[in-house]
Amino acid sequence: TLTQSTRPQRLLSAVQKNATRGDPCSVVRAIDDFCRHKEWAMNVGDEKGCILDSVVSEMNPAAVLELGTYCGYSTVRIARLLPPDAKFITLEFNPGFAAIARQVIAWAGLEEKVQLVEGASGDWIPKIKEQFGIKTFDLVFLDHWKDRYLPDTKLMEECGLLRKGSVLLADNVICPGTPDYLEYIRSSPKYESRYFKSHLEYTKVEDGLEKSIFLG
Ligand SMILES: Nc1ncnc2c1ncn2[C@@H]1O[C@H](Cn2cc(CNC(=O)c3cc([N+](=O)[O-])cc(O)c3O)nn2)[C@@H](O)[C@H]1O
Ligand SMILES: [Mg+2]
């Protein structure tokens, strides 16, 4: 029987065909080329990716959390910029996507820098402190189900995973949009928020990243 491949499997094949093993930038480039010229996929992309890069580089974070690994595109973008002993946890709900992401991350040669955890963010956030020996996160990248941004942010606050100065960087606050999260984070006295206008990955549609600093 002809086995149908999934889009993430075709994305991985494009990485293995076009990117150089151990070269994270070539992996990022291969995914962007595939998604721009062959098949669109919901990676943060190259335009918003540069904003992500600048936030990561500016913070030089010791502990990073990513919600929604998908194929590992933003995981590779972030991990390639981290200091050697940084802790980086990325949560992925879908085992099929997690399996692809592990191979993309390995192709980039970054498997030592990333801990990919399979499961739902709502289940894992309360367990992170004890399971991974992490006190607080310096940076959290939110890119998972848009209706989980707000509950997971409140959960991170309750679990004491944020400290004064922790940064939340949220993808897709315009498209597909995260209205309840934006309303909360922009009106809460606990956060200082700024919107970075950009475009939905590989399109001309407006989208952007919301960068919010936890004030404690
Ligand atoms: N609570 C969760 N915990 C862990 N992983 C999760 C959770 N929710 C979704 N995921 C995983 O994120 C991955 C990717 N994903 C992201 C979304 C939400 N993001 C989008 O829907 C999206 C959609 C568009 N879009 O439609 O143009 C553009 C984007 O940049 C997006 O991030 N849904 N699945 C998937 O593998 C899913 O299993
Ligand atoms: Mg996104």
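Provided above is the structure to which this section pertains.
Quick notes on the rules
- Residues numbered from 1 in each chain as written.
- Chains lettered and ligands numbered in written order.
- Predicted model: local features only at pLDDT ≥ 70, side-chain atom pairs only at ≥ 80, totals over all residues.
- Heavy atoms only, no water.
- Axes fitted to C-alpha atoms, helices over the stretch in contact; angles between N-to-C directions.
- Helix = DSSP H or I, 4+ residues; strand = E, 2+ residues; numbered from the N terminus.
- Parallel < 35°, antiparallel > 145°, perpendicular 65-115°, else oblique.
- Left-handed = near helix turned anticlockwise from the far one by under 90°.
- Contact = heavy atoms within 4.5 Å.
- Nonpolar A, V, L, I, M, F, W, Y, C, P; charged D, E, K, R; others polar.
- Buried < 20%, exposed > 50% of the residue type's maximum accessible area, 1.4 Å probe, protein only.
- Pairing = 2+ DSSP bridges.
- Right-handed = clockwise from strand over helix to strand, strands pointing away.
- Donors = N, O, S within 2.8 Å, 3.2 Å for Na, K, Ca; no water.
- Near = heavy atom within 4 Å.
- Polar contact = N/O pair within 3.5 Å; in protein donor to acceptor, adjacent residues only side chain to side chain.
- Areas by Shrake-Rupley, 256 points an atom, 1.4 Å probe, with all protein chains shown as cover.
- Expected span 1.5 Å × (residues − 1).
- Core = buried A, V, L, I, M, F, W, Y, C linked by side-chain atoms within 4.5 Å.

Trainee: Tell me about the packing of helix α1 (residues 7–18) against helix α2 (residues 24–37), residues and numbers included.
Mentor: Packing of α1 against α2 leaves a shortest axis separation of 9 Å and a crossing angle of 130°. By the criterion of interaxial angle, the relationship of α1 to α2 is oblique. Here α1 and α2 pass one another in a crossing that is right-handed. Between α1, through R7, R10, L11, A14, V15 and N18, and α2, the contact on the second element is made entirely by V27, A30, I31, F34 and C35. Here the residues of the contact of α1 with α2 are counted per class, giving eight nonpolar, one polar and two charged.

Trainee: I'd love a proper account of the pairing of strand β4 (residues 137–142), names of residues and values included.
Mentor: Here β4 lies mainly inside the structure; six of its six residues are buried. With four bridges connecting them, strand β1 (residues 63–67) and β4 associate as parallel partners. If you follow L67 over to β4, its bridge partner there is L142. This β-α-β element, β4 to helix α8 (residues 149–158) to strand β5 (residues 162–170), shows right-handed connectivity.

Trainee: Give a description of the coordination of the magnesium ion (ligand 2) that names residues and reports values.
Mentor: Looking at the magnesium ion (ligand 2), the protein donor atoms are D143 (OD), D171 (OD) and N172 (OD1), and they sit 2.0 to 2.2 Å from it. We note that the donor set of the magnesium ion (ligand 2) lies within a single chain, spaced as D-x27-D-N. Pair noted here: D143 is in the loop between β4 and α8 and N172 is in the loop between β5 and α9 (173–177), with a separation of 29 residues, a long-range link. Given the relative accessible area of 13%, D143 is considered buried. The exposure class of N172 is buried, given its relative accessible area of 4%.

Trainee: Let's hear about the site of ligand 1: which residues, and what values?
Mentor: With respect to spatial proximity, 22 residues lie near ligand 1, and among them E92, F97, W145, N172 and E201 are the closest. For ligand 1, an oxygen atom lies 2.6 Å from a polar atom in the side chain of E92. Interatomic distance of 2.9 Å between a side-chain N/O atom of D143 and an oxygen atom of ligand 1. Protein chains bury 88% of the 710 Å² of accessible surface belonging to ligand 1 in isolation. A per-class count over the shell around ligand 1 returns ten nonpolar, six polar and six charged.

Trainee: Tell me what's going on with helix α3 (residues 45–59), and back it up with residues and numbers.
Mentor: The α-helix winds at 3.6 residues per turn, so residues separated by three or four positions along the chain end up facing the same way. Under the 1.5 Å per step criterion, the end-to-end length of α3 is 20 Å for 15 residues, consistent within 8% with the ideal 21 Å. Residues G45, K48, G49, I51, L52, D53, V55 and V56 constitute the buried set of α3. Buried-residue contacts for α3 involve α2, α4 (73–79), β4, β5, β6 (191–199) and β7 (206–214). Directly after α3, the chain includes N60, whose backbone phi takes a positive value near 45°.

Trainee: Residues and numbers for the side chain of D138, please.
Mentor: One can find D138 in strand β4. At a separation of 2.7 Å, a polar atom in the side chain of D138 contacts the side chain of R163. Not counting chain neighbours up to four residues away, the residues in contact with D138 comprise M59, P61, A62, A63, R163, G165, S166 and V167.

Trainee: Break down the nonpolar core for me, citing the residues and quoting the values.
Mentor: One broad trend across soluble globular proteins is that nonpolar side chains are buried collectively. In this structure, L11, V27, I31, I78 and V104 are the most contacted members of the largest nonpolar core, which totals 44 residues. Other than its neighbours up to four places away in sequence, L11 contacts I31, F34, C35, A41, N43, C71 and V104. Grouped together as the second largest cluster of nonpolar side chains are 29 residues, W124, Y149, L161 and A170 included.

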